[in-house]
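So you can see what is in the structure, the chains are spelled out below.
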Amino acid sequence: MENTAKKKRKAPDLIVFTFLMMVIAMILTWIVPAGSYDRYFNEALNRTLVDPDSYHTVTQTPVSIWDMLAAVPGGIVNNVSVIAYVMGWGGAFGIVIHTNLIEDGIKTALRGKKRASFLIVVFISFLFSAGGAFVGIQQSFWSFTPVVALLTAAMGYDVVVAFVAVAAANNIGFMCGPLNMWSVGVAQQISELPLFSGFGLRLTIWLLVMAMLLLYTYLYARRVAKDPSKSIVYDLRDLSADLTEQEAPPVDLTARRKVALACLVAEFVGLVIMIAFFNMTSSGEIAAYLLGTGIIVALVNGDDYNEIAKGFVEGIQLVLVPCIVVGMAGGILQILEQGNTLDAILHAAVTLLSGTSHIFGLLMIYLFQFLFNFLVPSGTAQAATTMPIIAPLSDLVGISRQTAILAFQFGDGFSNMIWPTACLAPLSFTNIPYKRWLKWFLPFTGIFVVVSSLVLVYAALTGF
């Protein structure tokens, strides 16, 4: 009898995992009794909102296997603007990465400077987090992860530190959102509160949670720097594997390449200036800016048009899987809406919360938003869907609407880092398996839930 090696069980591919989520959504449309809220268009907000008093049962409309399969291209069509933007962004970065300017510049600049390197991670983390906190930029930053991974690898860290510095830090900024129009702003307008009121507490929470995240990451990064085998992706190859295996010697940059590197730095500084001072927040505008400036950098570097085209295609190939995952995640929402299941789940939560004490009711609103974000990971969409119902419900429970919005922020934002429907897309820019990321990040999630719950209790007791 032949001895055969036992095959190691592998986690499902991102696309397979997302497809399984679509299957679960389809099954829910057969199990959950169908119901619907009426919706109306609010001209002042320029948004379609839910009428909280209009819930009614409707005829069951279970989604068939055929309709579920149709939701795959349907979700892609519904998210075509996001997908096109990500592809444009990926292509633009592909042009720059193909020049090797970033890698060579990092190797030269950081040689022998690892002791103070985590301060650079702190700076980068706050930069990406501020984009979410004050401008509301989120998905646009995901493509930066491979670039930052080159930086963290040169410091002796791994791609997990890069992912935290970009995606996790940005998500925390978006969640706390002192001036985030797309979550806090929309929720406050729906709840009839002054725009960006409560800024002081939200700013304090942002700084507090960022300090917690960076401390948690620093303890991990220090272990990896001392012993690379402590990395949760030590056995995997990533975009910067060649940098982690040995410390490469400095690269002698020619005068022309130094000018090209200066142009690259100017490109990123210009992007921040354009966003912060010239209101360039449209995804199409940012993609066009990156594409144009990327071509200029490549030309200054001496690349010909064929090399530029090759880099563009390579960049699009890198973001192809994230684009498919974004489209399929949109298919999950399409299935739940087609089966009249989303509103039924929302109404069941409202019924459960009615008549509870104010502290318990507040924490249950937090829990509901945390769980509901699995189905609707978009902060803007969740605000438009739930806040017309949660705002009057908070009046009945005995908590302020401002505090209810805080519970919405915590539930909507932070869970994006653990729910597969939200975090698989940014994770796909790295080689970090979802199961490993979840295991690594869950302890911090527990810490955050405890701290955020205490903040909510404080807000309720002080009448925030």
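Predicted model, so just to flag it, every value in this text is computed and none were measured.

J.: Lay out the overall build of the protein in plain terms, naming residues and giving numbers.
T.: Looking only at helices and strands, the protein has 20 helices and four strands in total. Looking at the protein as a whole, 53% of its 464 residues are labelled buried. Residue pairs at least 24 apart in sequence account for 80% of intrachain contacts in the protein once pairs closer than 6 positions are excluded. When the accessible area of the protein is evaluated, it comes to approximately 21,100 Å², of which 66% is carbon and sulfur surface.

J.: Could you give me a rundown of helix 15 (residues 342–353), with the residues and numbers involved?
T.: Spanning 12 residues, helix 15 covers 17 Å between terminal C-alpha atoms, matching the ideal 16 Å at 1.5 Å per step. Of all the positions in helix 15, only Leu342, Asp343, Ala344, Leu346, Ala349, Val350 and Leu353 are classed as buried.

J.: How would you explain the packing of helix 9 (residues 199–226) against helix 18 (residues 401–414) if you had to name every residue and give the values?
T.: At a minimum axis distance of 12 Å, the contact between helix 9 and helix 18 shows a crossing angle of 25°. Relative to helix 18, helix 9 is oriented roughly parallel. Crossing of helix 9 over helix 18 shows right-handed handedness. Residues Leu201, Arg202 and Ile205 of helix 9 form the contact with helix 18, whose own contacting residues are Gln402, Ile405, Leu406, Gln409 and Phe410. Partitioning the contact of helix 9 with helix 18 into residue classes produces five nonpolar, two polar and one charged.

J.: Hey, could you go over the packing of aromatic side chains for me, with residue numbers and the actual values?
T.: For any pair of aromatic rings, the description rests on two quantities: the centre-to-centre distance and the angle between the ring planes. In the structure shown here, the tally under the stated rule is 22 aromatic pairs. Each ring, one from Phe118 and one from Tyr218, has its centre 5.0 Å from the other, and the planes form 65°; the classification is edge-to-face. Here Phe118, found in helix 5 (residues 117–135), pairs with Tyr218, found in helix 9; they are 100 residues apart in sequence, far enough to count as distant. You can call Phe118 buried: its relative accessible area is 9%.

J.: Summarise the nonpolar core; cite the residues concerned and give the values.
T.: What tends to happen in soluble globular proteins is that the nonpolar side chains get buried as a cluster. Leu213, Phe410, Ile432, Trp437, Trp440 and Phe441 are the most contacted members of the largest nonpolar core, which totals 129 residues. The leading source of residues in this core is helix 7 (residues 159–176), at 14 residues. In this view, Trp437 contacts Val160, Phe163, Val164, Ile232, Met417, Leu427 and Ile432; residues no more than four positions away in its chain are not counted.

J.: Please set out the environment of Val186 residue by residue, giving values where relevant.
T.: With respect to the helices, strands and loops of the structure, Val186 is situated in helix 8 (residues 181–190). Taking the C-alpha atoms as reference, Val186 lies 9.3 Å from Gly379; in sequence the two are 193 residues apart.

J.: Could you give an account of helix 20 (residues 434–462), with specific residues and numbers?
T.: Look at helix 20: 39 Å from first C-alpha to last across 29 residues, which is about the 42 Å you get at 1.5 Å a residue. Remark: the principal bend of helix 20, roughly 40°, maps to Phe441, with a proline, Pro443, within the next four residues. With its phi angle positive at about 75°, Gly463 sits one or two positions after the end of helix 20.

J.: Run through the pattern of salt bridges, naming residues and quoting values.
T.: Enumeration according to the criterion identifies two salt bridges in this entry. The residue Arg39 makes a salt bridge to Asp343 at a minimum N-O spacing of 2.8 Å. Linking Arg39 in strand 2 (residues 39–42) with Asp343 in helix 15, this pair joins segments that are 304 residues apart in sequence. Taking the relative accessible area as the measure of exposure, Arg39 reaches 41% and is therefore partly exposed. The class for Asp343 is buried, based on a relative accessible area of 7%. Asp235 is the partner of Arg436 in a salt bridge, and the nearest nitrogen-oxygen pair spans 2.7 Å. Placement of Arg436 in helix 20 and of Asp235 in the loop between helix 9 and helix 10 (241–245) is noted, with a sequence separation of 201 residues between them. In this structure Arg436 comes out as partly exposed when scored by relative accessible area, which is 25%.

J.: Any details on the side chain of Gln369? Residues and values, ideally.
T.: Relative to the helices and strands, Gln369 is located in helix 16 (residues 358–372). The residues touching Gln369, leaving out its near neighbours within four places in the chain, are Gln382, Thr386, Met387, Ile390, Ala407, Phe408, Gly411 and Asp412.

J.: Account for a positive patch on the surface, with residues named and values stated.
T.: On the surface, a cluster of positive charge is contributed by Arg222, Arg223, Lys226 and Lys230. Among the secondary structure elements, Arg223 is positioned in helix 9. On the accessibility criterion, Arg223 (43% relative accessible area) is partly exposed.

J.: Describe the confidence of the model for the protein, listing the residues and the values that go with them.
T.: Taken over all residues, the pLDDT of the protein has a mean of 82, while the share at 70 or more is 87%. Summarising per-element confidence for the protein, the mean pLDDT is lowest in helix 10 (44) and highest in helix 9 (95). Low pLDDT, under 50, characterises residues 1–12; the stretch is placed with two contacts to residues that sit more than four places away or in other chains. Confidence drops under pLDDT 50 across residues 238–248; counting only partners more than four residues distant or on other chains, this segment forms 23 contacts.

Quick notes on the rules
- Residues numbered from 1 in each chain as written.
- Predicted model: local features only at pLDDT ≥ 70, side-chain atom pairs only at ≥ 80, totals over all residues.
- Heavy atoms only, no water.
- Helix = DSSP H or I, 4+ residues; strand = E, 2+ residues; numbered from the N terminus.
- Buried < 20%, exposed > 50% of the residue type's maximum accessible area, 1.4 Å probe, protein only.
- Contact = heavy atoms within 4.5 Å.
- Areas by Shrake-Rupley, 256 points an atom, 1.4 Å probe, with all protein chains shown as cover.
- Expected span 1.5 Å × (residues − 1).
- Axes fitted to C-alpha atoms, helices over the stretch in contact; angles between N-to-C directions.
- Parallel < 35°, antiparallel > 145°, perpendicular 65-115°, else oblique.
- Left-handed = near helix turned anticlockwise from the far one by under 90°.
- Nonpolar A, V, L, I, M, F, W, Y, C, P; charged D, E, K, R; others polar.
- Phe/Tyr/Trp six-rings, centres within 6.5 Å; stacked < 30°, edge-to-face > 60°.
- Core = buried A, V, L, I, M, F, W, Y, C linked by side-chain atoms within 4.5 Å.
- Bend = angle between axes of the 7 residues up to and from the residue.
- Salt bridge = Lys/Arg side-chain N within 4 Å of Asp/Glu carboxyl O.
- Patch = residues over 30% accessible without salt bridge, like charges linked within 9 Å, V, L, I, M, F, W, Y side chains within 5 Å.
- Lys, Arg positive; Asp, Glu negative; His and termini not counted.
- Charge placed at Lys NZ, Arg CZ, Asp CG, Glu CD.
- pLDDT = per-residue confidence, 0-100.

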